[in-house]
Amino acid sequence: MSTMAPKAMYGVNKPLLPDLERYGKYLAQAHERAWLTNFGPLQQELTDRLEARLGVENLLLVANGSLALHLAYRVFGMDDPVLTTPFSFVATASTLAWEGKALRFGDIDPRSFNLSLPNNDLDEPIGGVVAVHVYGNPCDVEAIEHFGKERRIPIIYDAAHCMGSTYDGESVLRWGDAATLSFHATKVFHTVEGGAIVFRRKEDLAKAKQLMNFGLDGSGRMTDPGTNMKMSEYHAAAGLVLLEDFDEVLSHRRELKALYQDILRDWVEFQVWHERGEDNAAYMPILASTSRECVALETALSERGIGTRRYFFPSLNRLPFLGAGVSCPVSEDISSRILCLPLYADLQPADVRIIAEEVKGALTDLRR
Ligand SMILES: *Cc1c(COP(=O)(O)O)cnc(C)c1O
């Protein structure tokens, strides 16, 4: 029946576009000043507004989310192997490898999809923890904090998905020695390309700011080799416009995700959200019953004009260049069955109904 309907084409994602009129006004300010980058006023305004919106301090904007990870790892050193999750976008781990860090993959929890801490005594020293709030779902931040304090090691969160995600009513970005964000165009909030780090301590922010600005300290002295990770005024302007719209976008996305879950509840499994957190509806992941069904569903939906993404696949412990070899059975299982459905601000509830019905139709065929 549904196959007879006119084919709507749905990509898995569609970036939110900043309103051109408001964007132009910000650009006009930048042109007036002829100040296009190097910690300009728009970059400062976005920093201040993000800190206010998120209820955090020590936020540093950078040119993208991967650089935010590189910089956080630099600030905290971490000479011993770093405990991290295999269930994430490749950037979490590849940036560690690029920084020359040894990785130690832990497995994940089958319900939250987040890193589970090793419960037995570790046989090797751990230099730090890099955990991911997967799809924005808060990790067990208190247990991880305790783990870090006991071993006196830094806790870094790849919080790339976490704009709008809360824990006990406050931004989850308040947790960790550092939490990094991605403001890539595909993310729930973006600056086209961009990212940020929220540091717990002012000293760490100061060190990071020096490293990401060629190693120059405030007075122009150079003590460490640095690089350039600055966000331009054009990117900050896009963020300022989109931040004005963010609360509306967030509630709209939450409505869409709740609708998907309502319709698909008896058909697929969902990630279980932390009971103390509020879902920011950054993604719409579903779990097929087997890996084979997942692959077939991806194909069937694509034939029905619906884009999906096996996000995250494969489990990162299977990638040879990340030191493959360890086994992470839960992560490998979840990776093999996960599929993200279209979820973006331009979708309407009617679109979600169409897509969800197509998912049901495809699954009915596959399960016959
Ligand atoms: C998107 C993403 C990144 C990388 O961010 P970019 O801004 O694209 O460099 C890192 N980690 C996770 C979990 C992501 O989803």
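Before any of the text, the structure's been laid out above.
Residues numbered from 1 in each chain as written. Predicted model: local features only at pLDDT ≥ 70, side-chain atom pairs only at ≥ 80, totals over all residues. Heavy atoms only, no water.

Novice: What's the story with the pattern of salt bridges in this structure? I'm lost.
Specialist: If the charged atoms of two oppositely charged side chains come close together, the side chains can form a pair. As enumerated under the stated definition, the model contains 29 salt bridges in all. Ionic pairing is found between Arg 304 and Asp 365, a salt bridge with its closest N-O pair at 3.0 Å. Placement of Arg 304 in the loop between α8 (291-303) and α9 (329-337) and of Asp 365 in helix α10 (residues 349-367) is noted, with a sequence separation of 61 residues between them. Taking relative accessible area as the criterion, Asp 365 reaches 40% and is therefore assigned partly exposed. (Salt bridge = Lys/Arg side-chain N within 4 Å of Asp/Glu carboxyl O. Helix = DSSP H or I, 4+ residues; strand = E, 2+ residues; numbered from the N terminus. Buried < 20%, exposed > 50% of the residue type's maximum accessible area, 1.4 Å probe, protein only.)

Novice: Sorry if this is basic, but what is going on with the layout of surface pockets here?
Specialist: Gaps left between atoms show up when a probe the size of a water molecule is rolled over them. Quantified by volume, the largest pocket comes out at close to 470 Å³. Lining the largest pocket are 34 residues, with Phe 89, Thr 186, Lys 187, Tyr 283 and Tyr 311 positioned closest to its centre. Looking at the lining of the largest pocket, the elements with two or more residues in it are α3 (65-76), α4 (91-98) and β8 (178-182). A class-by-class count of the residues in the lining of the largest pocket yields 16 nonpolar, 13 polar and five charged. (1 Å grid on protein atoms, 1.4 Å probe; cavity = no way out; pocket = protein on both sides within 12 Å on 5 of 7 lines; lining within 4 Å. Points joined across faces, edges and corners; volume = space filled by probe spheres on them. Nonpolar A, V, L, I, M, F, W, Y, C, P; charged D, E, K, R; others polar.)

Novice: What is the right way to read the site of the ligand from this model?
Specialist: Near the ligand lie 15 residues; those nearest to it are Ser 66, Asp 158, His 161, Ser 182 and Lys 187. Measuring from an oxygen atom of the ligand, one finds a side-chain N or O atom of Ser 66 at 2.7 Å. Coverage of the ligand by the protein amounts to 93% of the 380 Å² it exposes when considered alone. Because more than half of its atoms lie within 2 Å of the grid, the ligand is assigned to the largest pocket. Looking at the shell around the ligand, the elements with two or more residues in it are α3 and α4. Among the residues making up the shell around the ligand, the classes are represented as four nonpolar, nine polar and two charged. (Near = heavy atom within 4 Å. Polar contact = N/O pair within 3.5 Å; in protein donor to acceptor, adjacent residues only side chain to side chain. Areas by Shrake-Rupley, 256 points an atom, 1.4 Å probe, with all protein chains shown as cover. Sits in = over half its atoms within 2 Å of the grid points.)

Novice: Sorry if this is basic, but what is going on with empty space enclosed by the protein here?
Specialist: Counted by the stated rule, this structure contains two cavities of 30 Å³ or more. Partitioning the lining of the largest cavity into residue classes produces six nonpolar, two polar and three charged. There is about 30 Å³ of room inside the second largest cavity. Taken together, Leu 16, Val 188, Phe 189, His 190, Leu 242, Phe 246 and Val 249 make up the full set of residues lining the second largest cavity. By residue class, the composition of the lining of the second largest cavity is six nonpolar, one polar and no charged.

Novice: What is the right way to look at the pairing of strand β9 (residues 195-199) in this model?
Specialist: Residues in a regular strand point their side chains to alternate faces of the sheet. The element β9 is largely enclosed, with a buried count of five among its five residues. Burial of the side chains of β9 extends over both faces: Gly 195, Ile 197 and Phe 199 are buried on one face and Ala 196 and Val 198 on the other. Pairing between strand β1 (residues 59-62) and β9: four bridges, direction antiparallel. Across the sheet, Val 62 pairs through a bridge with Gly 195, a residue of β9. The pairing of β8 with β9 spans five bridges and is antiparallel. For Ala 179, the partnering residue across the bridge sits in β9 and is Val 198. (Pairing = 2+ DSSP bridges.)

Novice: Help me understand the sheet that holds strand β7 (residues 170-171), please; the structure alone is not making it clear to me.
Specialist: Two modes of strand pairing occur in sheets, parallel and antiparallel, and in both the strands are linked by backbone hydrogen bonds. Spatially, the three strands line up as an open sheet ordered β7-β6-β10, and their pairing is antiparallel. Both outer strands of the open sheet, β7 and β10 (277-278), are each paired with one neighbouring strand and no more. Alignment of strand β6 (residues 166-167) against β7, held across two bridges, turns out to be antiparallel. Bridging from a neighbouring strand, Thr 166 pairs with Ser 171 of β7.

Novice: I tried to follow helix α2 (residues 41-54) on my own but got confused; where do I start?
Specialist: Side chains three or four residues apart in an α-helix point the same way, a direct result of the helix having 3.6 residues per turn. Under the 1.5 Å per step criterion, the end-to-end length of α2 is 20 Å for 14 residues, consistent within 8% with the ideal 20 Å. Looking at α2, one finds that the buried residues are Leu 42, Gln 43, Leu 46, Thr 47, Leu 50, Glu 51 and Leu 54. Looking at the buried residues of α2, the elements they touch are α1 (20-33), β1, β7, β8 and α7 (233-264). In the segment just after α2, Gly 55 is the residue with positive phi, at about 65°. (Expected span 1.5 Å × (residues − 1). Contact = heavy atoms within 4.5 Å.)

Novice: How should I be thinking about the nonpolar core in this particular structure?
Specialist: Counting residues in each nonpolar core, the largest one holds 61 residues, and the members touching the most others are Leu 50, Tyr 135 and Met 163. Among the elements that make up this core, the one with the highest residue count is α7 (nine residues). One finds Leu 259, Ala 281, Ala 300 and Ala 362 within the second-largest nonpolar core, a separate group that totals 28 residues. (Core = buried A, V, L, I, M, F, W, Y, C linked by side-chain atoms within 4.5 Å.)

Novice: Would you mind showing me how to read the packing of aromatic side chains here?
Specialist: Both the distance between ring centres and the angle between the ring planes are used here to describe each pair of aromatic rings. One pass over the full model with this rule turns up 13 aromatic pairs. Taking 6.3 Å as the distance between ring centres and 80° as the angle between the ring planes, the aromatic pair formed by Phe 87 and Tyr 135 counts as edge-to-face. Taken together, the positions of Phe 87 in the loop between β2 (82-84) and α4 and Tyr 135 in the loop between β4 (128-132) and α5 (141-151) put the pair 48 residues apart, joining distant regions of the chain. The pair formed by Phe 87 and Tyr 135 is uniform in burial state, with each residue classed as buried. On the basis of an interplanar angle of 40° and a centroid distance of 6.2 Å, the ring pair of Phe 89 and Tyr 311 is categorised as tilted. Of this pair, Phe 89 sits in the loop between β2 and α4 while Tyr 311 sits in the loop between α8 and α9, and the two are 222 residues apart along the sequence. An aromatic cluster is defined as three or more aromatic residues linked by ring pairs; in this entry it consists of Phe 87, Phe 89, Phe 113, Tyr 135, Tyr 283, Tyr 311 and Phe 312. Positioned above the aromatic ring of Phe 147, the side-chain terminus of Arg 151 is 3.8 Å from the ring centre. (Phe/Tyr/Trp six-rings, centres within 6.5 Å; stacked < 30°, edge-to-face > 60°. Lys NZ or Arg CZ within 6 Å of the ring centre and 35° of its normal.)

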